[in-house]
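Fold and contact review
Here is what each chain is made of, one letter per residue.
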Amino acid sequence: MAQDAAAPSAGSYTPMKPTPGIGMPVDGGINLQQQFSPTGEYGEWLHHGLLWICLIISLFVLALLAIVIVRFNRRANPVPSKTSHNTVLEVVWTLAPVLILIGIAVPSIDLIAKQYKPAPKTALTVKVTGNQWFWTYGYPDNGDFEVISNMLNIPGQPTVNNGVREVGSKPWDGPSHLEVDNRMVVPVGEPIRLQITATDVIHSFAVPSLWFKLDAVPGRINEKVLFIEKPGVYYGQCSELCGAKHGYMPIAVEALPRDKYNAWVLTHAGAEIDGQKKPAAAAEAAAAPAAAPAPGSSEAPASEAPAGEATAEAE
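Remember, it's a predicted structure, so these values are computed and weren't measured experimentally. (Residues numbered from 1 in each chain as written. Predicted model: local features only at pLDDT ≥ 70, side-chain atom pairs only at ≥ 80, totals over all residues. Heavy atoms only, no water.)

The next subject is the overall build of the protein. A count of helices and strands for the protein gives 6 helices and 10 strands. Look at the contacts in the protein between residues 6 or more apart in sequence, and 64% of them connect residues 24 or more apart. Within the structure as shown, the protein displays about 19500 Å² of accessible surface, and the carbon and sulfur contribution to it stands at 61%. (Helix = DSSP H or I, 4+ residues; strand = E, 2+ residues; numbered from the N terminus. Contact = heavy atoms within 4.5 Å. Areas by Shrake-Rupley, 256 points an atom, 1.4 Å probe, with all protein chains shown as cover.)

Take a look at the structure:
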């Protein structure tokens, strides 16, 4: 029955069409990309706050320089002051920077702690592997299938990946240099444990609109939590110089509601929905009631045989 219920979902996945300007760079952009994760929103707030602090300090120092130039030049002040010490001034210009730095340090340390908070035990695990020059995504909690992700070729330009179609040939394709043949699909609105490694050289898995960046190091697994607030397609690129085609291994993350994610999972051979009973366990549970006698049957289990019959068999 479980297989029959899952059958309609299998093969029903259609890739999501990205929204222009969301989860991707924009022409003439000078700011951070719009954020779609809690840590990204917090980091964006801290970034803008630090810019305002830098602006205020710079204007204050500029004003002091202007005052010194105007009031204390040789023409305006022919007799220079011989003041050599001012206790109040020295205390102020020592404590003020200390307090400013403490005010910056507290949210900065908090942001670091939020970024590296361990994932819950029940979180879905996705294994990300960097290769020269493509990504592979493994789903150990969904039957351990693997997805290989290559950049789509660009029309009118030399072929980057043989056997891969050109960007723009499907209605759901995003920008060139960023769209791939197989995206990393994840559920939206829940923490996801990303385990990142590499097979050859150091790569870096980075998606700016999700405030996510983590190095992929051969022989090492780095782990970090990814949380996406809204369904959509979010693009990134390898952010570590990794060879001749470093610029041709983009990242495309497609975040789907849980029911659509489950439908995507079932399009892969041997896939299973995480958190549900494994097929073997379900078969054992179904076989257990079958071993008991049907109601009204004249047969009785051996343990319930009459004592006289058991004695006769023993003799």
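Let's pick the thread back up.
Along the chain, the position of Val-180 falls in the loop between strand S3 (145–149) and strand S4 (184–187). Distance from Val-180 to Ser-149, taken between C-alpha atoms, is 6.1 Å for residues 31 residues apart in sequence. Once you skip the residues sitting within four places of it in the chain, Val-180 turns out to touch Ser-149, Asn-150, Met-151, Leu-152, Pro-250 and Ala-252.

Under the defined criterion, the tally for this structure stands at 10 aromatic pairs. Judged by centre distance (5.7 Å) and plane angle (5°), the ring pair of Tyr-42 and Trp-45 falls under stacked. A residue pair is termed a helical-turn pair when its members lie 3 or 4 positions apart in one helix, as Tyr-42 and Trp-45 do in helix H2 (residues 38–71) at 3 residues. Classification of Tyr-42 as buried rests on a relative accessible area of 19%. Look at Tyr-137 and Phe-205: their rings are 6.4 Å apart centre to centre, the planes differ by 80°, and that puts the pair in the edge-to-face class. (Phe/Tyr/Trp six-rings, centres within 6.5 Å; stacked < 30°, edge-to-face > 60°. Buried < 20%, exposed > 50% of the residue type's maximum accessible area, 1.4 Å probe, protein only.)

A separate point is the state of the cysteines. Inspection of the entire model under this criterion finds 0 disulfides. This cysteine, Cys-238, is not joined by any disulfide, and Cys-242 carries the nearest cysteine sulfur, 3.8 Å off. (Disulfide = S-S within 2.5 Å.)

So, on to the pairing of strand S8 (residues 222–226). Across the two faces of S8 the burial differs, with Asn-222, Lys-224 and Leu-226 buried and Glu-223 and Val-225 not buried at all. Across 5 bridges, strand S5 (residues 192–198) lies against S8 in antiparallel orientation. Paired with Leu-194 across the strands is Lys-224, a residue of S8. (Pairing = 2+ DSSP bridges.)

A separate point is the pairing of strand S7 (residues 212–216). Residues of S7 alternate between two faces, with Phe-212, Leu-214 and Ala-216 buried on one and Lys-213 and Asp-215 left unburied on the opposite face. Direction of pairing for strand S6 (residues 203–207) relative to S7: antiparallel, over a ladder of 5 bridges. Across the sheet, residue Ala-206 finds its bridge partner in S7, namely Lys-213. Connecting S6 to the next strand, S7, in antiparallel fashion are 4 residues, including Trp-211 with a positive phi near 55°.

Bringing the environment of Leu-152 into the picture now. Relative to the elements of secondary structure, Leu-152 occurs in the loop between S3 and S4. In the structure, Leu-152 is positioned 14 residues away from Glu-166 in sequence and 5.3 Å away in space, judged by C-alpha atoms.

Let us look at the sheet that holds S7. The strand order across the open sheet built from 5 strands is S4-S10-S9-S6-S7, with neighbouring strands paired in mixed fashion. The open sheet has two free edges, formed respectively by S4 and S7, since each of these has just one partner strand. The sheet shows a mean angle of 25° between the axes of neighbouring strands, taken without regard to direction. Bridge count between S6 and strand S9 (residues 232–238): 2 bridges; the pairing is antiparallel. When the bridges of S9 are listed, Ala-206 appears paired with Gln-237. Each of S4 and strand S10 (250–256) touches helix H4 (residues 258–265); the most contacted strand, S4, lies at about 140° to it. (Axes fitted to C-alpha atoms, helices over the stretch in contact; angles between N-to-C directions.)

So, on to the confidence of the model for the protein. Considering every residue of the protein, the mean pLDDT works out to 86; 84% of them sit at 70 or more. The model gives residues 1–9 a pLDDT under 50, and that stretch makes 3 contacts with residues more than four places away or in other chains. (pLDDT = per-residue confidence, 0-100.)

Taken together, the side chains of Ile-53, Ile-57, Phe-60, Val-61, Leu-64, Leu-65, Ile-67, Val-68, Ile-69, Val-70, Phe-72 and Ile-100 present a nonpolar region at the surface, about 1100 Å² in accessible area. In terms of residues, the nonpolar patch owes the most to one element, H2, which gives 10 residues. On the basis of relative accessible area, Ile-69 is assigned to the exposed category, the value being 58%. (Patch = residues over 30% accessible without salt bridge, like charges linked within 9 Å, V, L, I, M, F, W, Y side chains within 5 Å. Salt bridge = Lys/Arg side-chain N within 4 Å of Asp/Glu carboxyl O.)

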